[in-house]
Amino acid sequence: MEKSLKTENKIQNEKCYVYSKEQASKIRCEFSRLKDLCYLDHAGATLYSEKQLANIFTDLSNNIYSNPHSHSSEFTKDAVDIVRYKVLSFVKTSPDQYSVIFTSGATHALKLIGETFEFNGGTLAYLEDNHTSVLGMRKFASNFRELKVEEAFNVLSNPADSNSELRNGKNGLFVYPAQSNFAGTKYPLSWIKTVKCEALNHLFATPENWYTLLDAACFASTNQLDLHQYQPDFISISFYKIFGYPTGLGALLVKRSSENALTKTYFGGGTVLMALSAQNVMIPKPIIYEQFEDGTISFLSISSLRHGFDILQTLNLTPDLISLHTFNVAKYTFANLMEMHHSNGTAVAELYHDTKFESVKTQGSIINFNLKRPNGNYVGYSEVLHFANLNGVHLRTGCFCNPGACQKYLKLDPDKVQNQFEAGHVCGDQHDLVDGSPTGSVRISFGYMSTFEDADKFLQMIETCFVSHSNFQSLTIDRTIDASLNGTRNRLEITGKLVNIYVYPVKSCAPLAVKGSWKLTHIGLEYDRRWMIVNSSGACVSQKQIGKLCTLKPILDFSRKMLKLKINDSEISMPLEPEENASSNANFCNSKVCGDKVQGFDCGNEVAEWLSANLGEFGLRLLRQCDFTAHTSGRHSTQGEQTLMSLANKAEYLVINMRTAQWLRERIPQDDLLCLTLESILLRFRANFVVDFTEPFVENDLAILLFNDVAFKFTGHCRRCQMICIDQETGEKSKEPLRTLSKELNGQMRFGIYLSRNDSLGQYYIETGSSVKGLFQSS
């Protein structure tokens, strides 16, 4: 067996290969588009094979699939039925045992059971380690009971004595995941039988007739679900977790003998034999999937599933083989991560797990963790995500729609969760630390196309970016700075100088350094972020996606009234201002910036082709933001209100204090300084105004800034991401200065302040070299 690459922690763990060399080579060829990207979010969505997708579109291009409700649609009906058979065969059962109801996903399948299960006053019981969608089922039950993991293992180890005479017609439903989507724990499928044998009646005074709903969305993606051996009443699955494509398609599998426990109230098109318009009379179709699949099913997506099954067969992959391969890669990664230590001996990772990756029968291919600094403080998951993006590692952060497991492993009691919410943290955000405690974690997960090279790349990223190899220094602002901050609270104002003004005509591209004065408009500096580059989907791209954007230099030619774009020796020009009739002839486009809807018009095919050719990305286009007039608005908030702002992220203006940047540079380790001059660092922070207040960090406490007689108000702190690790001259990436910034500021990564204009009326200019006065916030 091949040994792993040695890191500085001298970790040596064996790589246990399952695939043959020929098989591994074939799999690699199916995912050539990954290039250097390390994709580790297979529990979120696995990847589709390139041949799989090609076969799907060849199929659609050569066949006519009509609405299955049409009389001329036997071809489509047969194609859909064949896929139903394939689904049942894939989970080792038959139409005699189970029915397949196609849904929009696993969540829809769970919702269907919640809406239609006949509780009759019975109880919904569920494992604490469940998806949020299971918690939503509580709305349909008269009673509910959460089982802690330890309690479930105790209660479900033995069946109860059957006492059907005391049930009183109540139906209980127990819901649990075959595999946790948080930590990858595999829960015993033997519970299905013990629940049916009334083991849960130990917990209730009145015995109930128990059914099981197995959430197999996470499990089925890399494991063999054997419904011949284990027979839950209901199963939810999601196909994009198995095949990558199509999304928005799942299934509810219903045991034929358990169909009578479901009563459907609503009926839609295609589900009835007869319905009267004037009277509340209808007769449902006899087959359960015909009753439950309201309206026209997603027949094109369903027919494409066949090619997902086929590609696994072509690659000689079985669920058992996939399970063993992904487990081995995860086990190798887990062992290496567990053995990583800082130079002072403290562990790098706090791992959340119930097993030690000893058996594929109890552990899936998911690793969940948080990183810690040498002094024991947590590294926020947002910081990990930024460095992962910087290094081409695709992973997942947060709580993964599993609040029970998140609260269990992170030791978050209800009061602490409520406190985090009141501090501003909500599900899905990047507010990763509250009072030093994590609000979520980091998850990596593996799929059948994952490799040990992926594992090594991930481990190398952790080693390089988060492991300390030198004597640990305090992770707080030093006493000199802290003293100066305390001193500012007793002052009313501070004076400084405006050193530089930068305008960024095209969002995320190179800046234009202003010499002299520049005009202020009601939406920001004139021509600042009025253009942006979008991809083939119409979404704004930044240096996070295309690092070479920093080498695209916009030039404002006022004499010719042209905007010139230049990359190396190649350039292209276009009108600086829209033509008078542009609003009537323009190709209007909608996009988004920081959640806001922005409206612009397309700058044409010529510049689009030039951008795609010079940036090496297909389908790029240039949009110019619409002006704010009585007829158009260039930006709307998520509430639909007009936002008077350019295409900037959070506010019209961003300010950096040169002394704070100097403070940061002095703390970057000498080995990493390289070309990180003060000017280079300032450019990475992409400020509009660089000021010199003679003291670092004083800008954080300012309420008003006066540039000569022009007033601006403080509107927030700028939270930094991996963008600051991109050299703005070359596009090359490094781990600094983000790593030092996060370390010195305890993961807060706030650097620079946002400003807005106090007075949006009148003609104002701002000039480099002018005096700056800062008024402090009242204490």
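So, here is what we can say about the structure in this document.

Points about the sheet that holds strand β3 (residues 123-127)
The strand order β2-β8-β7-β6-β5-β3-β4 describes an open sheet built from 7 strands, whose pairing is mixed. Because the sheet does not close on itself, it has two edges, and the strands there are β2 (98-103) and β4 (143-147). With strand direction ignored, the average angle separating the axes of adjacent strands in the sheet is 20°. Where strand β6 (residues 209-215) and strand β7 (residues 234-238) come together, 3 bridges link them in parallel fashion. Bridging from a neighbouring strand, Leu213 pairs with Phe234 of β7. Strand contacts of helix α3 (residues 74-90): β2 and β7, with the helix running at about 115° to β2, the strand carrying the most contacts.

Things to note about the state of the cysteines
Within the structure shown, the criterion is met by 1 disulfide. Put simply, Cys399 and Cys406 are joined by a disulfide, and their sulfur atoms are 1.9 Å apart. Note on Cys29: no disulfide assigned, nearest cysteine sulfur contributed by Cys38 at a separation of 19 Å.

Quick notes on the packing of aromatic side chains
Scanning all chains against the criterion turns up 36 aromatic pairs. Centre to centre, the rings of Tyr17 and Phe452 are 4.9 Å apart; their planes meet at 65°, and the pair counts as edge-to-face. Linking Tyr17 in the segment before α1 (21-29) with Phe452 in helix α15 (residues 452-466), this pair joins segments that are 435 residues apart in sequence. Geometrically, the ring pair formed by Phe204 and Trp210 is tilted, given 5.6 Å between the ring centres and 35° between the ring planes. This pair shows no difference in class: Phe204 is buried, exactly as Trp210 is. Taken together, the ring pairs connect Phe153, Phe174, Tyr176, Tyr187 and Trp191 into an aromatic cluster.

Side note on helix α18 (residues 605-615)
By the burial criterion, the buried members of α18 are Val607, Ala608, Trp610, Leu611, Ser612, Asn614 and Leu615. The inward-facing, buried residues of α18 abut β23 (531-534), β25 (562-567), β26 (570-575) and β29 (621-625). Phi for Gly616, located one or two positions after α18, is positive at around 70°.

What to know about the pattern of salt bridges
Per the stated rule, a full pass over the model turns up 34 salt bridges. A salt bridge links Glu50 to Arg33; its shortest N-O distance comes to 3.3 Å. Of this pair, Glu50 sits in helix α2 (residues 50-62) while Arg33 sits in the loop between α1 and β1 (38-39), placing them 17 residues apart in sequence. Residue class for Glu50 comes out partly exposed when judged on its relative accessible area of 26%. For the salt bridge of Arg306 with Asp310, the shortest nitrogen-to-oxygen distance reads 4.0 Å. Placement of the pair is Arg306 and Asp310 together in helix α10 (residues 299-314), with a separation of 4 residues, close to one helical turn. Residues joined by salt bridges that share partners form a network here, namely Asp59, Lys86, Arg306 and Asp310.

As for the nonpolar core
Grouped together as the largest cluster of nonpolar side chains are 64 residues, with contacts concentrated most on Leu337, Ile367, Phe458 and Met461. Ignoring anything within four residues of it in the chain, the contact list for Phe458 reads Leu40, Thr333, Leu337, Phe369, Val393, Leu395 and Ile444. By size, the runner-up hydrophobic cluster in this structure holds 62 residues, among which are Ala79, Val155, Phe309 and Leu312.

Re the sheet that holds β26
One open sheet holds the 3 strands; their spatial order is β24-β25-β26, and the pairing between them is antiparallel. Looking at which strands have only one partner, the edges of the open sheet turn out to be β24 (553-557) and β26. Geometrically, the sheet is characterised by an average inter-axis angle of 20° between neighbouring strands, direction not taken into account. Alignment of β25 against β26, held across 6 bridges, turns out to be antiparallel. Each bridged residue has a counterpart across the sheet, and for Leu563 the counterpart in β26 is Met574.

Some words on the layout of surface pockets
Approximately 1300 Å³ is the volume attributed to the largest pocket. What lines the largest pocket is a set of 39 residues, and nearest its centre among them are Lys544, Cys594, Asn649, Cys721 and Tyr754. Secondary structure elements with two or more residues in the lining of the largest pocket: α12 (381-390), β27 (588-593), β31 (653-657), β34 (710-719) and β35 (750-757). Broken down by element, the lining of the largest pocket gets its largest block of residues, 5 residues, from β34. Here the residues of the lining of the largest pocket sort into 16 nonpolar, 13 polar and 10 charged. Surrounding the second largest pocket, 34 residues form its lining, Leu37, Lys544, Gln545, Ile546 and Glu617 being those nearest its centre. Of all the elements in the fold, those that place two or more residues in the lining of the second largest pocket are α12 and β14 (393-394). In terms of residue count, the dominant contributor to the lining of the second largest pocket is α12 (4 residues). The residue makeup of the lining of the second largest pocket, split by class, is 14 nonpolar, 12 polar and 8 charged.

A look at the side chain of Asn223
With respect to the helices and strands, Asn223 occurs in the loop between β6 and β7. With a relative accessible area of 5%, Asn223 lands in the buried category. For Asn223, the side chain forms a polar contact with the side chain of Thr222, separated by 3.3 Å. Only 2.8 Å separates the side chain of Asn223 from the side chain of Ser323, close enough to count as a polar contact. Setting aside its immediate chain neighbours within four residues, Asn223 contacts Gln179, Lys186, Pro319 and Ser323.

Comments concerning the environment of His342
Inspection of the secondary structure assignment puts His342 in the loop between α11 (319-339) and β11 (349-352). Remark: the alpha-carbon pair of His342 and Arg373, spanning 31 residues in sequence, is separated by 8.0 Å. Those residues in contact with His342, other than ones at most four positions away along the chain, are Ala347, Val348, Lys372, Arg373, Pro374, Phe466, Val467 and Ser468. Among the polar contacts listed, one links the side chain of His342 to the backbone oxygen of Lys372, at a separation of 2.8 Å.

As for unusual backbone geometry
In this model, Tyr245 is joined to Pro246 through a cis peptide bond whose omega is 0°. Summarising the element assignment, Pro246 is placed in the loop between α8 (240-243) and β8 (250-255). Cis geometry is adopted by the peptide bond preceding Pro737, which originates at Glu736 and carries an omega value of 5°. Along the polypeptide, Pro737 turns up in the loop between β34 and α22 (738-744). In this structure, Lys35 is a non-glycine residue whose phi angle is positive, near 50°. When you line up the elements, Lys35 lands in the loop between α1 and β1. For Asp435, which is not glycine, the phi dihedral falls at a positive 55°. Mapping Asp435 onto the fold places it in the loop between β16 (433-434) and β17 (437-438).

Some thoughts on the pairing of β23
Here β23 shows a buried face lined by Trp531 and Ile533 and a second buried face lined by Met532 and Val534. Relative to β29, β23 is paired through 4 bridges, and the arrangement is antiparallel. Note that in β29 the partner of Trp531 across the bridge is Arg624.

Describing the environment of Gln279
By the secondary structure assignment, Gln279 is in the loop between β9 (272-275) and β10 (282-284). Along the backbone, Gln279 and Thr495 are 216 residues apart, and their C-alpha atoms lie at a distance of 80 Å.

Regarding α15
Spanning 15 residues, α15 covers 21 Å between terminal C-alpha atoms, matching the ideal 21 Å at 1.5 Å per step. α15 sits mainly inside the fold: 11 of its 15 residues count as buried. Listed as buried for α15 are Phe452, Asp454, Ala455, Asp456, Phe458, Leu459, Met461, Ile462, Glu463, Cys465 and Phe466.

Criteria and cut-off values
Residues numbered from 1 in each chain as written. Predicted model: local features only at pLDDT ≥ 70, side-chain atom pairs only at ≥ 80, totals over all residues. Heavy atoms only, no water. Pairing = 2+ DSSP bridges. Helix = DSSP H or I, 4+ residues; strand = E, 2+ residues; numbered from the N terminus. Axes fitted to C-alpha atoms, helices over the stretch in contact; angles between N-to-C directions. Contact = heavy atoms within 4.5 Å. Disulfide = S-S within 2.5 Å. Phe/Tyr/Trp six-rings, centres within 6.5 Å; stacked < 30°, edge-to-face > 60°. Buried < 20%, exposed > 50% of the residue type's maximum accessible area, 1.4 Å probe, protein only. Salt bridge = Lys/Arg side-chain N within 4 Å of Asp/Glu carboxyl O. Core = buried A, V, L, I, M, F, W, Y, C linked by side-chain atoms within 4.5 Å. 1 Å grid on protein atoms, 1.4 Å probe; cavity = no way out; pocket = protein on both sides within 12 Å on 5 of 7 lines; lining within 4 Å. Points joined across faces, edges and corners; volume = space filled by probe spheres on them. Nonpolar A, V, L, I, M, F, W, Y, C, P; charged D, E, K, R; others polar. Polar contact = N/O pair within 3.5 Å; in protein donor to acceptor, adjacent residues only side chain to side chain. Expected span 1.5 Å × (residues − 1).

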